[in-house]
Amino acid sequence: MAKLTEKENYLMCLRGEQPEWIPHIAMDQGTPGPSAGTGPSIMGMKVEPDGRMFDMWGVELITSKEAAGGRIPKTWDFILDDITKWHDVIKAPSLEGIDWEMMAKKDLEARPIDRENQAVGYSAGGGFFQNLMAFMGFTEGLCALSEEPEECEALFDYLCDFSCEVIEKSIDYYKPDIFNLTDDTAAWNNPFVSLEMMRKYFVPRYSRLTDYAKDRGLAITLHNCGKCEIFMDDMVNVVGVNGWNPAQDCNDLVAIKEKFGNKLVLTGCINSSQTFEKPGITEDEIRAILEDVANKYAPGGGFAFQSHFIIPDPTDQFVQWKKATVNKVMHEISVSFYK
């Protein structure tokens, strides 16, 4: 009998089955993993000749040391200062005349995926909360959600309508295995919005997007950082989410595991800033951390390792050693756990 591929093993886990080994989702560039992402380039970032970078809605993106090199909206020059004027400011790219099959071909050629060993994750919008915060900033954006609900809903419908049209016309050309939904709606200690707001503004629109995945039998993964456990019932039972990353341990992950079992794959479950960032950490200490996480969340399936390192200086040999050691130990635990 042929050995399962990394892709097949990961998809088993997302289907609620016990995999043959613990999947290892690698977020480090250059580290292979069981899945790889793609999506329509029309929804990607645009780089101007002067090097400035903008998202598809015209928000200028910058990098900062505090964000560890990640791209964030330019925090002193938001494009929308009055939610009631969004119709004049937020303009979706034209979809007229697009050859969707050719776009998919070029996008897939630009970022090759080993389809035999990697599941294809398809992304095409859905970050409605993050979009609003990028347009207005958190102060004005959160005020708008409280003070102008009708305008916010109209804006979210506009964004959702555009994403749905893109998905409807392109998803079959990318031939995905997984639909990726991304929207960071929480900070470390609390969500940014109430459960009532989540159900009013976001769950129905997330569901419109994931309906396309459900119709095709695709698994659905959610990226949502921070303490968002209050939303997981709706994410699983309404939106149809099968896997959640990074499932940070500010949430009661033990209770979530007990509640959903294999129905929701918890990915990550490690607070790396409080563990692997310990000065002088040893391999034995790294192993103890990872074994504890696996023993809590991996029995019966429903868990995947995730490695993600912030490396401010790639010449730092100790940081590089930690990255290599964590990946090595994850692999050793992974392949032996279900034996």
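All of the points below concern the structure found in this document.

The rules behind these values
Residues numbered from 1 in each chain as written. Predicted model: local features only at pLDDT ≥ 70, side-chain atom pairs only at ≥ 80, totals over all residues. Heavy atoms only, no water. Helix = DSSP H or I, 4+ residues; strand = E, 2+ residues; numbered from the N terminus. Rg over C-alpha atoms; globule rule 2.2 N^0.38 Å. Buried < 20%, exposed > 50% of the residue type's maximum accessible area, 1.4 Å probe, protein only. Contact = heavy atoms within 4.5 Å. Areas by Shrake-Rupley, 256 points an atom, 1.4 Å probe, with all protein chains shown as cover. Lys, Arg positive; Asp, Glu negative; His and termini not counted. Charge placed at Lys NZ, Arg CZ, Asp CG, Glu CD. Core = buried A, V, L, I, M, F, W, Y, C linked by side-chain atoms within 4.5 Å. Patch = residues over 30% accessible without salt bridge, like charges linked within 9 Å, V, L, I, M, F, W, Y side chains within 5 Å. Salt bridge = Lys/Arg side-chain N within 4 Å of Asp/Glu carboxyl O. Axes fitted to C-alpha atoms, helices over the stretch in contact; angles between N-to-C directions. Parallel < 35°, antiparallel > 145°, perpendicular 65-115°, else oblique. Left-handed = near helix turned anticlockwise from the far one by under 90°. Nonpolar A, V, L, I, M, F, W, Y, C, P; charged D, E, K, R; others polar. Pairing = 2+ DSSP bridges. Right-handed = clockwise from strand over helix to strand, strands pointing away. Arc of directions from axis to C-beta. Polar contact = N/O pair within 3.5 Å; in protein donor to acceptor, adjacent residues only side chain to side chain.

Okay, the overall build of the protein chain next. Scanning the protein chain from terminus to terminus reveals 11 helices and 12 strands. Computed over its C-alpha atoms, the radius of gyration of the protein chain comes to 20 Å, within 12% of the 20 Å expected for a compact globule of 339 residues. Its C-alpha atoms give the protein chain principal-axis dimensions of roughly 60 × 45 × 45 Å. Within the span of the protein chain, comprising 339 residues, buried residues form 50% of the whole. Sequence-distant contacts, at least 24 apart, represent 69% of the contacts inside the protein chain between residues at least 6 apart. Put simply, the protein chain shows about 16400 Å² of open surface, and 50% of that area lies on carbon and sulfur atoms. Computed over 33 positive and 53 negative side-chain charges, the inter-centroid distance for the protein chain is 4 Å.

Our focus in this paragraph is the environment of methionine 53. Inspection of the secondary structure puts methionine 53 in strand β4 (residues 53-54). Along the backbone, methionine 53 and glutamate 285 are 232 residues apart, and their C-alpha atoms lie at a distance of 41 Å. In contact with methionine 53, other than residues within four places in its own chain, are Met45, Lys46, Val47, Val59, Glu60, Leu61 and Arg71.

Moving on, we come to the nonpolar core. Leu145, Met235, Trp244 and Leu290 are the most contacted members of the largest nonpolar core, which has 87 residues in total. Sorting elements by how many residues they give to this core places helix α6 (residues 149-174) first, with 11 residues. In this structure tryptophan 244 touches Leu222, Asn224, Gly226, Cys228, Met232, Asn251, Leu253, Ile256, Leu264, Val265, Leu266 and Thr267, once residues within four positions along its chain are discounted. Membership of the second largest hydrophobic core comes to 10 residues, among which are Tyr10, Ala119, Val265 and Ala304.

Moving on, we come to a negative patch on the surface. Together, Asp81, Glu140, Glu147, Glu148 and Glu150 line one region of the surface with negative charge. Structurally, aspartate 81 can be placed in the loop between β6 (71-73) and α2 (86-89).

Here we come to the packing of helix α10 (residues 283-297) against helix α11 (residues 317-337). The contact between α10 and α11 brings their axes to 10 Å, and the two run at 40°. Here α11 runs oblique to α10, going by the angle between their axes. Regarding α10 and α11, the two cross each other, and that crossing is right-handed. Facing Glu283, Ile286, Arg287, Leu290, Glu291, Ala294 and Asn295 of α10, the residues of α11 in contact are Trp321, Thr325, Val326, Lys328, Val329, Met330, Glu332, Ile333 and Phe337. Residues that form the contact of α10 with α11 fall into these classes: nine nonpolar, two polar and five charged.

Here strand β12 (residues 303-307) lies mainly inside the structure; five of its five residues are buried. Covered by surrounding structure in β12 are Phe303, Phe305 and Ser307 together with Ala304 and Gln306, the residues of both alternating faces. Looking at chain direction, strand β1 (residues 24-26) and β12 are connected through three bridges and run parallel. Looking across to β12, one finds that isoleucine 25 is bridged to glutamine 306. Sheet analysis places strand β11 (residues 265-267) next to β12, joined by two bridges and oriented parallel. In the sheet register, leucine 266 faces β12, and the bridge partner there is phenylalanine 303. Viewed along the sheet, the connection from β11 through α10 into β12 turns out right-handed.

Here the focus is the sheet that holds strand β5 (residues 60-63). Spatial strand order, β3-β4-β5-β6: four strands in an open sheet with antiparallel pairing. Every other strand in the sheet has two partners, leaving β3 (46-47) and β6 as the edge strands with one partner each. Bridge count between β4 and β5: two bridges; the pairing is antiparallel. In the sheet register, methionine 53 faces β5, and the bridge partner there is leucine 61.

Here the focus is the sheet that holds strand β8 (residues 178-182). The strand order across the open sheet built from eight strands is β1-β12-β11-β10-β9-β8-β7-β2, with neighbouring strands paired in parallel fashion. If you trace the sheet from one side to the other, it starts and ends with β1 and β2 (35-38), each paired once. Adjacent strand axes in the sheet meet at a mean angle of 25° when their direction is disregarded. As paired elements, strand β10 (residues 243-245) and β11 share two bridges and run parallel to each other.

Taken residue by residue, helix α3 (residues 100-110) has Trp100, Met103, Ala104 and Asp107 as its buried positions. Seen end-on, α3 carries its buried residues on one side only, within an arc spanning 95°. Turned more than 90 degrees off the buried face of α3, the exposed positions are Glu101 and Lys106. Those residues of α3 that are buried lie in contact with α6. Measuring from the side-chain oxygen of the N-cap residue of α3 to the backbone nitrogen of glutamate 101 gives 3.3 Å; that N-cap residue is aspartate 99.

Let us now look at the pattern of salt bridges. Inspection of every chain in the model, using the stated rule, returns 23 salt bridges. Across the pair lysine 259 and aspartate 233 runs a salt bridge whose closest N-O atoms are separated by 2.7 Å. On the criterion of sequence distance, the pair formed by lysine 259 in helix α9 (residues 253-260) and aspartate 233 in helix α8 (residues 232-239) is long-range, its members being 26 residues apart. A residue is classified by how much of its surface remains accessible, and lysine 259, at 54% relative accessible area, is exposed. Close ionic contact of glutamate 332 with lysine 328 constitutes a salt bridge, the shortest N to O distance being 3.4 Å.

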